[in-house]
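# Coordinate inspection notes
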Amino acid sequence: MNYQQRQQSKKRPAKARWPIVVGVAAALLLGGGIWAMTHHHKAVETGTPVNNTTASPNTKGEPAAGIPAPQEGGDKSGGSTGATSPAPGSTATLTAPQGNFVSNHHPNLGGTPAPNSEQSVCNTTPGAICEIIFTKDGVTKSLQPQTADSGGAAYWSWKLQDVGLTAGSWHVSAQSTLGSQNKTADDAITLEVAP
């Protein structure tokens, strides 16, 4: 084999590698582009931001930083104090309250066998004031009113004793208010409080 033949044989493998390198680079670019398009499409489809690291499990997409911290000496039911109505002249239409008004419909005052603590959720129009109301034999008790967050939800964590509920059957309802609008919804199940 002469010098020229050896040089050509050395060049062939390099030329043969060129299509492979281009192919791998193209595949990486194409794969990255497809991933970016599907990831963006999924975020748009679900309505969640791509960087959904600040969302709270207690809100419908409101950033955790937007949740007011409970104030010391304030609401013992876990809600925020100082709920205020939205600005006068609000044009939003009030949505009737809905949600899990009480987490357990068969609690015990003593805490056993069922716990005496509850969680309540009221979903309505963002900015509306929501209140959970309990009635039994002409007696009315309620959780402190809260303003619904930007996702339209208000949350409470409370104990039966904090609200003054006694043993017996309590009718549960929620009332939401937005400006001059007022809507009420009843819980389909009564709250059966055991001693």
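Residues numbered from 1 in each chain as written. Predicted model: local features only at pLDDT ≥ 70, side-chain atom pairs only at ≥ 80, totals over all residues. Heavy atoms only, no water.

### Some remarks on the overall build of the protein
Scanning the protein from N- to C-terminus turns up two helices and eight strands. Ordered by position from the N terminus, the helices and strands of the protein form the series α-β-β-β-β-β-α-β-β-β. The long-range share in the protein, meaning contacts at least 24 apart out of those at least 6 apart in sequence, stands at 65%. Of the roughly 12,100 Å² of accessible surface on the protein, 58% is carried by carbon and sulfur atoms. (Helix = DSSP H or I, 4+ residues; strand = E, 2+ residues; numbered from the N terminus. Contact = heavy atoms within 4.5 Å. Areas by Shrake-Rupley, 256 points an atom, 1.4 Å probe, with all protein chains shown as cover.)

### Considering unusual backbone geometry
In the segment running from T112 into P113, the intervening peptide bond is cis, with an omega of 0°. Following the sequence through the fold, P113 ends up in the loop between α1 (3-46) and β1 (117-123). Phi is positive for D137, close to 50°, though the residue is something other than glycine. The residue D137 is located in the loop between β2 (129-136) and β3 (139-142) in this model. Judged by relative accessible area, D137 falls into the exposed class, the value being 73%. (Buried < 20%, exposed > 50% of the residue type's maximum accessible area, 1.4 Å probe, protein only.)

### Some thoughts on the packing of aromatic side chains
For the structure on display, the rule yields one aromatic pair. Here the aromatic rings of F134 and W158 are separated by 5.3 Å at their centres, their planes lie at 55°, and the arrangement is tilted. Placement of the pair is F134 in strand β2 and W158 in strand β5 (residues 153-159), with a sequence separation of 24 residues. With respect to burial, F134 and W158 carry one shared label: buried. (Phe/Tyr/Trp six-rings, centres within 6.5 Å; stacked < 30°, edge-to-face > 60°.)

### Details of the confidence of the model for the protein
When pLDDT is averaged along the protein, the result is 73; 54% of the residues meet or exceed 70. Low pLDDT, under 50, characterises residues 63-89; the stretch is placed with 41 contacts to residues that sit more than four places away or in other chains. (pLDDT = per-residue confidence, 0-100.)

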